[in-house]
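Examining the three-dimensional arrangement
Below, each chain spelled out in residue letters.
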Amino acid sequence: MLQFSPVSQLRLYNTLTRRLQPFVPQEPGKVKMYHCGPTVYQRPHIGNYRAFLFADLLRRTFEASGLEVLQVMNLTDVGHLVGDADEGEDKLDAQARKEKVDPWQIVATVSEQFFQDLEALQIRPAHHYPKATDHIEEMVAQIEVLLEKGHAYRVGDNVYFDVHSFPDYGRLSGNKVADLEAGARVEVNQEKRHPADFALWKSDPRHLMKWKTVFGEHGFPGWHIECSAMSMKYLGDSFDLHTGGEDNVFPHHECEIAQAEGVSGKTFVNLWMHTKFLQVDGGKMSKSLGNVYSLDDLEQRGFEVLDFRFLVLRAHYRASVNFTWKALQGAAEARKNLHDFRGRLQAQLRGPAMQAEAGEHSGPARKAFWDALHDDLNTSAALAALFELRNAYTQKGMEATEAADALDLLNLADDIFGLFDQESADSGDLPDPEIDALVEERNQARRNRDFARSDQIRDQLAAAGIVLEDGPEGTLWHRA
Ligand SMILES: [Zn+2]
């Protein structure tokens, strides 16, 4: 039995209000959340996955607290420009020209890699992964409402959002329109009414992915309108939570709020959460330094993808994480220590004399674990609580009930953090009674000094991923 902790104690940091606030879902018992997903022009790197792992942490924490979650993550497959100020090429267009392939082919290949990576990272699948190119109609409809309500204007076949029509513009990022305009490079686009206005729809006959709409023959959407249209389609005008990386705060999320609230007149999102960048070798990842790593790069160095997941979880999501190979090694060792701890507890509790019910003792470790998570998802403190428990076990062992409670807490932590490989735990394993029988047969063989047979059984169990530990109280076993 898992012990649930009331979600009412959960406090989360809201980028919009710049303070911690209690989490109160709009509809009791349910959470609706949207996450800005990848732009599928090249395989996401490990830095991108920090934000997606955070989305999964939210999902798992809510689910472990008994809430029903509706989760949406978009795939941006058009309209994400290289520059922030409506400038530069579309990332997908540019990649397609560079590779001399169809952009739709790139979308298909990269999306497939992305979903494989999510699976390897044990990220629970969102309920919807809408693609921008499948929602052109919804975007056009929102732009038409914005035009009607005076939030947008047309210049030829282009449509822009008028930031002066939305007084709250800048509230999320702390930017002031006047400062933005003073700093804007005016020469970028002369046809905007104000330099801080942003494109909702762009016309370009040379663009590879383009649509014929009421705005003209060859148009494509701005990146920001994609997320307003898709989030509102799947989650409604107003929902609980929206996340992204810290680079999404401005302009992307600022523009999303202006568009969505411009359309509906309602509060778009109650809680905005953002993860800090992942640093690599103390700085920003860069192609020239050769440190834009994918999950494959980690595996090629002998690590498991879950070691990276653990490395990310060791830091609070609003704190810096510096990725180095040494840090990954440290994370791998720490994860293995927890895994071995769980294995020992399982082994201890396997004997018939050791059967014990867990969940009745709310030990200090369990409280520390939940208190940490409730404090703005402080994963590093939650993990520290598990390691303290492990230290206590190493120093003085545990009685059966205590061990059962510790194991229960580790299983809860695994449920929320996805620490251990679920595949190896579930698939193709020998059932427990069969292992018990083999262990007993091996003990018998050893008593008969039939070491050939006892070694044979040890090898057979090792091949099935079973580790034996011979000790003064007999032989304990656990799954590797
Ligand atoms: Zn987005």
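Residues numbered from 1 in each chain as written. Predicted model: local features only at pLDDT ≥ 70, side-chain atom pairs only at ≥ 80, totals over all residues. Heavy atoms only, no water.

The next point concerns the packing of helix H1 (residues 46-64) against helix H9 (residues 305-313). Packing of H1 against H9 brings their axes to within 10 Å, and their N-to-C directions diverge by 75 degrees. The pairing of H1 with H9 is recorded here as roughly perpendicular in orientation. Listed contacts from H9 to Ile46, Tyr49, Arg50, Leu53, Asp56, Leu57 and Arg60 of H1 are Phe308, Arg309, Val312 and Leu313. (Axes fitted to C-alpha atoms, helices over the stretch in contact; angles between N-to-C directions. Helix = DSSP H or I, 4+ residues; strand = E, 2+ residues; numbered from the N terminus. Parallel < 35°, antiparallel > 145°, perpendicular 65-115°, else oblique. Contact = heavy atoms within 4.5 Å.)

Right, let's get into the side chain of Asp307. Tracing the sequence through the fold places Asp307 in helix H9. We classify Asp307 as buried; its relative accessible area is 6%. Residue contacts for Asp307: discarding those within four places in its chain leaves Leu328, Ala331, Ala332 and Arg335. (Buried < 20%, exposed > 50% of the residue type's maximum accessible area, 1.4 Å probe, protein only.)

Turning to the coordination of the zinc ion, a few remarks are in order. Note on metal sites: the ideal angle is 109.5 degrees for four tetrahedral donors, and 90 or 180 degrees for six octahedral donors. Within the protein, the zinc ion binds to Cys36 (SG), Cys227 (SG) and His252 (NE2); these donor distances fall in the range 2.0 to 2.1 Å. Motif for the zinc ion, donor spacing along one chain: C-x190-C-x24-H. In this pair, Cys36 is assigned in the loop between strand S3 (30-35) and H1 and Cys227 in helix H6 (residues 223-235), connecting sequence segments 191 residues apart. Accessibility expressed as a relative area gives 1% for Cys227, which makes it buried. (Donors = N, O, S within 2.8 Å, 3.2 Å for Na, K, Ca; no water.)

Our next topic: the sheet that holds strand S10 (residues 239-245). Spatial ordering of the open sheet is given by S4-S3-S10-S11, a layout of four strands whose pairing is parallel. With one partner strand each, in any of the chains shown, strand S4 (68-73) and strand S11 (269-275) form the two edges of the open sheet. Averaged over all adjacent pairs, the angle separating strand axes in this sheet is 20 degrees, with direction ignored. Sheet topology note: the S10/S11 ladder contains six bridges and is parallel. For Phe239, the partnering residue across the bridge sits in S11 and is Val269. Here H6 sits on the sheet in contact with S3, S4 and S10, set at roughly 160 degrees to S3. (Pairing = 2+ DSSP bridges.)

Below, the discussion takes up the nonpolar core. The biggest cluster of nonpolar side chains holds 131 residues, and the ones touching the most others in it are Phe23, Phe62, Phe308, Phe323, Leu338, Phe369 and Phe417. Element by element, the count of residues in this core is highest for helix H13 (residues 400-417), at eleven residues. In this structure Phe417 touches Leu57, Arg60, Arg309, Leu313, Phe369, Leu373, Thr379, Ala382 and Leu383, once residues within four positions along its chain are discounted. Among the nonpolar cores identified, the runner-up in size contains nine residues, and Leu430, Leu438, Ile457 and Ile466 belong to it. (Core = buried A, V, L, I, M, F, W, Y, C linked by side-chain atoms within 4.5 Å.)

If you walk across this open sheet you meet the five strands as S5-S6-S7-S9-S8, and the pairing is antiparallel. What marks the edges here is a single partner per strand, and that holds for strand S5 (152-155) and strand S8 (211-213). If you compare each strand with its neighbour and ignore which way they point, the axes differ by 35 degrees on average. Two elements, strand S7 (residues 198-203) and strand S9 (residues 216-221), share three bridges in a ladder whose sense is antiparallel. What sits directly across from Lys202, in S9, is Phe220. In this fold helix H4 (residues 136-148) packs onto S5, strand S6 (158-161), S7, S8 and S9, with an angle of close to 120 degrees to the strand it touches most, S7.

The next thing to look at is the pattern of salt bridges. Applying the stated criterion across every chain, the model contains 29 salt bridges. Residue Arg43 is joined to Asp117 by a salt bridge in which the shortest nitrogen-to-oxygen separation is 2.6 Å. With a gap of 74 residues between them, Arg43 in the loop between S3 and H1 and Asp117 in helix H3 (residues 103-120) connect regions that are remote in the sequence. For Arg43, a relative accessible area of 22% translates into the label partly exposed. (Salt bridge = Lys/Arg side-chain N within 4 Å of Asp/Glu carboxyl O.)

Let us look at the packing of helix H15 (residues 432-447) against helix H16 (residues 451-463). Where H15 meets H16, the closest approach of the two axes is 8 Å, and the angle between their N-to-C directions is 155 degrees. When the interaxial angle is binned, H15 and H16 end up roughly antiparallel. Where H15 crosses over H16, the handedness of that crossing is left-handed. In contact with Ile435, Leu438, Val439, Glu441, Arg442, Ala445 and Arg446 of H15, H16 contributes Phe451, Arg453, Ser454, Ile457, Arg458, Gln460 and Leu461. A class-by-class count of the residues in the contact of H15 with H16 yields seven nonpolar, two polar and five charged. (Left-handed = near helix turned anticlockwise from the far one by under 90°. Nonpolar A, V, L, I, M, F, W, Y, C, P; charged D, E, K, R; others polar.)

A few words now on the domain arrangement of the protein. We note that the domain assignment places domain 1 (11-275), domain 2 (297-426) and domain 3 (432-479) within the protein. Computed from C-alpha atoms alone, the centre-to-centre distance between domain 1 and domain 2 is 35 Å. Each partner contributes residues to the interface: domain 1 has 24 residues there, and domain 2 has 30 residues. With both chains or domains summed, domain 1 and domain 2 bury close to 2100 Å², and 63% of this area falls on carbon and sulfur atoms. The largest share of the area that domain 1 buries against domain 2 comes from Ile46, Arg50 and Gln122, three residues that together contribute 29% of it. Counting every contact that joins domain 1 to domain 2 gives two salt bridges. A salt bridge links Arg124 to Asp415, with the nearest nitrogen and oxygen atoms 2.8 Å apart. At the boundary of domain 1 with domain 2, the tally comes to twelve residue pairs in polar contact (both at pLDDT 80 or more). (Domains from an automatic or database assignment. Buried area = accessible area lost by both parts, 1.4 Å probe. Polar contact = N/O pair within 3.5 Å; in protein donor to acceptor, adjacent residues only side chain to side chain.)

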